[in-house]
Amino acid sequence: MSGTIDQKFLPTFILLKAEVERDADRNIKNTFEFVMETLKVSGSEPLDKFFAPSNWGDTRAKLRFKAQDKWANKSTLRAHLSRITKINELATELLDQGFMSDDGADWEYLTALEKIRQKIADRKIKSWSELERKANGQKSSYVGHLFSKKRKYLPNYSKRIEQRLEQLCVFLELDWGIMRPMLIKDGARRPVSKKLKPSGFSYYLKFENWPPTLQQSVNDIERFHMRMTPGQLPDGTPKLRNKKSQWKIRESDGKCSSKGSFHNLLGSFFGFCVLPSDKKVSEKLVLARLKTTLVKWQEEDFDQYVSWMTGEGRNAAELSISLLFDFDLIERWLQWLANRNGGIAETQPGYCLSLSGLTNPKTGAISQSYEIACQVMGFPPLSGPILRTEENELFQKRIREWSDFCGRASAEFRSLQHSFSSSKVKKKKRVSSRHSKILEIKDPLVPVQTMIERLHRSEPRHLDKNSQSWMVWARNMTLLELTVSNPIRADNLHCLNFCEDGSGRLRKTGDVFQIYLEKHEVKNPHKEKDYGYLGIVSPSASSWLNFYIQSVRPHWPTGISMDERLFLTDSGNKLSNIDLWKIFVTVSRLYLPEYSELNPHVYRHIVATSWLKNHPDDFVTVSLILGDRIETVMKDYAHLASSDGFSRYHKLLENWRGRTPPTMGGK
C-alpha cells in the first residue's frame, strides 16, 4: 500500500497506520486498507485533505457508499462503518497534534520511529518504563519523551542521556545512526528559525524571594483589601475603603485574581530592579538562556534580547515598598516594559491606576499604613498604644504629612497613566489581530453557526448514550449553544449551577431557562439595577440545556451535584476557567480550522459585532446581551458605529449623479 504514496506524505501514512495497528480490534487493518484504496491516495495531496473536519463529511459519504457495495450483510457493514469512524478519530487526534500537515521534514524521524517500534513489538515490551528498565536498569523513562505521540523534545540533552540511548540501541540490536534523528543536537528534526518572544526571558521576582520586611508590608496591604473590615489606625481611627477596593475570592478555586494581579505588578517591578545593569552580565544571562532554547535565534536580535534582561542592578535584600515612590524609577520600568512588548502599552496604564488607588489619600491601603509611612518618611515606629494627648497630636501631624505626600504620589501615578495611554506609545488592541479575520466579515456569527453544525453532525452515534465520549459531545454542544445565546464571561459560565428550587444561577421558568447573576459576580454591572445580569436563554439553547440536565448530566460519573456545578470536565471534576478555555479552543480548532482558535471571550466580540453590523447604533441591546454598561459597549465598539455611519452616508450619495474626472490626453 505504501508504494502508492509519495514519500513527501509517507510520514503521515506511516504514523496513522501504526496507530491503527496498535488498536485492539484486529479487523480494523482490513478496514484501513479499504479506506486507503477507496480514497485512492496517490501522493498528490496530504491525508488531511480527507480527514480534516471540514472535509470529513464528503469523505465519510464516499466511504459509506462504497462500503454498502462491498459488504451486503448489515451487521458486517455496521462493524466496518464503526471502524471507519475510529480511523477518523485517530486521524483527527494526529491532526490536532500537528501531524497531518504537508511538511515532509519529519520523514527521517518517522522512519527511525517505525523501526524502533517494530523492534520493541518483536520483544513484546508493553511500556516505555519496561523498556527503560530492561535496557538501562532504570525506573524513570527518558525514551518515552522521544517516542511519544506528542513528540516532545528532551528538556535537557546531556551526555548521560546519550549513554542511556546507546544502551537502548545495543539492547534492541539497532545501529546508533537510527537514533540520531531523535536527538536535539543533530538529525532531521531541527527547530524552526524564528524570533524569540519576551516571555522566554523570565525576570519576575517571586514572593518567596522578597525580603521579610517587604513581604510583611505586602501582607498588610492584602489584609486591608481582603478582610471584611479594613482595620484601624494605631490611634483607633477606622480605616476607609471604597466598595471596589474589596478583593473578591472566586468560588470555583478559592483564589483571588486581584491578589494575583497585585503580585504580578510587584513581581515585575522588583524583578526589573534586581536585573543587572551591566550589559556584560546581561549578555551572560541571555547566552545561558539561549543554550537551552530549541529555537534558532538570529544574531541581529541578540542586542534586543540583552535589553530585555538589563535592569537597575539593585540588591534583592535592599528592596522595600518605598521604591514605589521613586517616580523616575517607576517611569523607567514602565518604558522598559513597553520596549519589551514592541512599544505596545499593554499593562502600564493598569499598573499606574492600581498604584494611584493604593496611594489615594483617603481610601488607599498604603496611605493608611503607618508602618509604610515609617519606611518612606523616616518616622519613628510606635513603641505602644497612644495614651497621651501630646503623642496623639504628634501622630496626627505625621498622618497628615503622610496623607499629603500620598496625595501627590497618587496624582503623579495618574499623570503617568495618561502619558502611557496617549499616542506616544501604541495601545494594545481590544481584540487580538488573529481574530480580526472572523470579525471583519459581514456577519461573524455565520462561521460560528457552521462550526456548531459540524459539531452536531459529528455525533458519535455508534457509541452508547451513557459512554463518556458521547456525553462529552453533548456537553460541548450545550456549551456552544448557550454561549451563542448568552455570551457571558468565562468566569460566570464555568460557575453555572442548577437547583430544582430555582435558586441557582441557571433557572427554569416553564420551558425557558434564565441566567441570573448577582451584582458582585458581574464585572461591569448596571448601577440602577439590583442584580448583575438577567438573561433569557434562546429556545434552541433551552432545549439543549433541558436535554443535558435530564438525559446527560445525571449519568456523569461524579459525586458533584448540579447544585454545585452544572458543567464538568471529562474526568468528572469541577470545570475551571482554564478547562473551559481548552474546550472552546479545541472545538474551534477541530470544527472551524478556517479561522484562528476561538476562546470563550471572543464569542462576546463576535455576538456584539454581528448585532451592530446588522443593527447599527443599537448599543442598548448589545449592553443587555453582554451584561455590560452602555458606556463600556460604546467605548469598545464605537469604531463600528463610525464605519457603518459612513457606509449609510455614502449610500445616500449614490442616489446623486456622480461627477467623473476628465480624461487625460484630449484637447
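Treat the numbers as computed from the prediction; the structure is a model and nothing was measured.

Draft legend 1. Layout of the overall build of the protein chain. When its secondary structure is counted, the protein chain shows 27 helices and 5 strands. Taken over 667 residues, the protein chain has a buried fraction of 43%. Across the protein chain, contacts joining residues at least 24 apart in sequence account for 65% of those joining residues at least 6 apart.

Draft legend 2. Highlighting the packing of helix α20 (residues 445-457) against helix α25 (residues 600-614). Where α20 contacts α25, the axes come no closer than 9 Å and their chain directions differ by 125 degrees. When the axes of α20 and α25 are compared, the pair comes out oblique. Side by side, α20 and α25 meet where L445, V448 and M451 of the first sit next to Y603, I606, V607 and S610 of the second. Class assignment of the residues belonging to the contact of α20 with α25 gives a composition of 6 nonpolar, 1 polar and no charged.

Draft legend 3. The confidence of the model for the protein chain, seen in detail. On average, residues of the protein chain score 76 in pLDDT, and 71% of them reach the 70 mark or higher. In the model of the protein chain, strand β2 (residues 426-427) stands out as the element of lowest mean pLDDT, 50, in contrast to helix α11 (residues 212-226), which has the highest, 92. pLDDT under 50 marks residues 100-107. Its contacts with residues more than four places away, or in other chains, come to 21 contacts. Under a pLDDT of 50 for its full length, residues 184-194 has, in the predicted model, 31 contacts with residues more than four places off or in other chains.

Draft legend 4. Main features of the pairing of strand β5 (residues 533-536). Side chains Y533 and G535 project from β5 onto a buried face, and the interleaved L534 and I536 project onto a face without burial. Bridging between strand β4 (residues 512-517) and β5 involves 4 bridges; their strand directions are antiparallel. Each residue of the ladder has a partner; that of L517, found in β5, is Y533.

Draft legend 5. Quick peek at a nonpolar patch on the surface. On the surface, a nonpolar cluster with roughly 330 Å² of combined accessible area is contributed by V620, L624, I630 and M634. At the level of elements, α26 (619-626) and α27 (630-653) are the ones that each hand at least two residues to the nonpolar patch. Here L624 shows up in helix α26.

Draft legend 6. Representation of the sheet that holds strand β3 (residues 506-509) within the structure. The strand order β3-β4-β5 describes an open sheet built from 3 strands, whose pairing is antiparallel. Every interior strand has two partners, whereas the edge strands, β3 and β5, have only one. Within this sheet the neighbouring strands show an average axis-to-axis angle of 25 degrees, counted without direction.

Draft legend 7. Structural detail: the nonpolar core. Among the nonpolar cores identified, the biggest contains 55 residues, and F269, F270, I330 and W333 are the most heavily contacted of them. Those elements giving two or more residues to this core turn out to be α11, α12 (257-274), α13 (279-292), α14 (302-308), α15 (327-340), α16 (348-358), α17 (370-377) and α18 (389-421). Sorting elements by how many residues they give to this core places α18 first, with 8 residues. What I330 contacts, discounting residues up to four positions off in sequence, is F269, L323, L324, L355, F413 and L416. By size, the runner-up hydrophobic cluster in this structure holds 52 residues, among which are V448, A474, V522 and L580.

Draft legend 8. Structural context of the side chain of H80. Here H80 is to be found in helix α5 (residues 74-96). Apart from residues lying up to four places away in sequence, H80 is in contact with T31 and W71.

Cut-offs applied
- Residues numbered from 1 in each chain as written.
- Predicted model: local features only at pLDDT ≥ 70, side-chain atom pairs only at ≥ 80, totals over all residues.
- Heavy atoms only, no water.
- Helix = DSSP H or I, 4+ residues; strand = E, 2+ residues; numbered from the N terminus.
- Buried < 20%, exposed > 50% of the residue type's maximum accessible area, 1.4 Å probe, protein only.
- Contact = heavy atoms within 4.5 Å.
- Axes fitted to C-alpha atoms, helices over the stretch in contact; angles between N-to-C directions.
- Parallel < 35°, antiparallel > 145°, perpendicular 65-115°, else oblique.
- Nonpolar A, V, L, I, M, F, W, Y, C, P; charged D, E, K, R; others polar.
- pLDDT = per-residue confidence, 0-100.
- Pairing = 2+ DSSP bridges.
- Patch = residues over 30% accessible without salt bridge, like charges linked within 9 Å, V, L, I, M, F, W, Y side chains within 5 Å.
- Areas by Shrake-Rupley, 256 points an atom, 1.4 Å probe, with all protein chains shown as cover.
- Salt bridge = Lys/Arg side-chain N within 4 Å of Asp/Glu carboxyl O.
- Core = buried A, V, L, I, M, F, W, Y, C linked by side-chain atoms within 4.5 Å.

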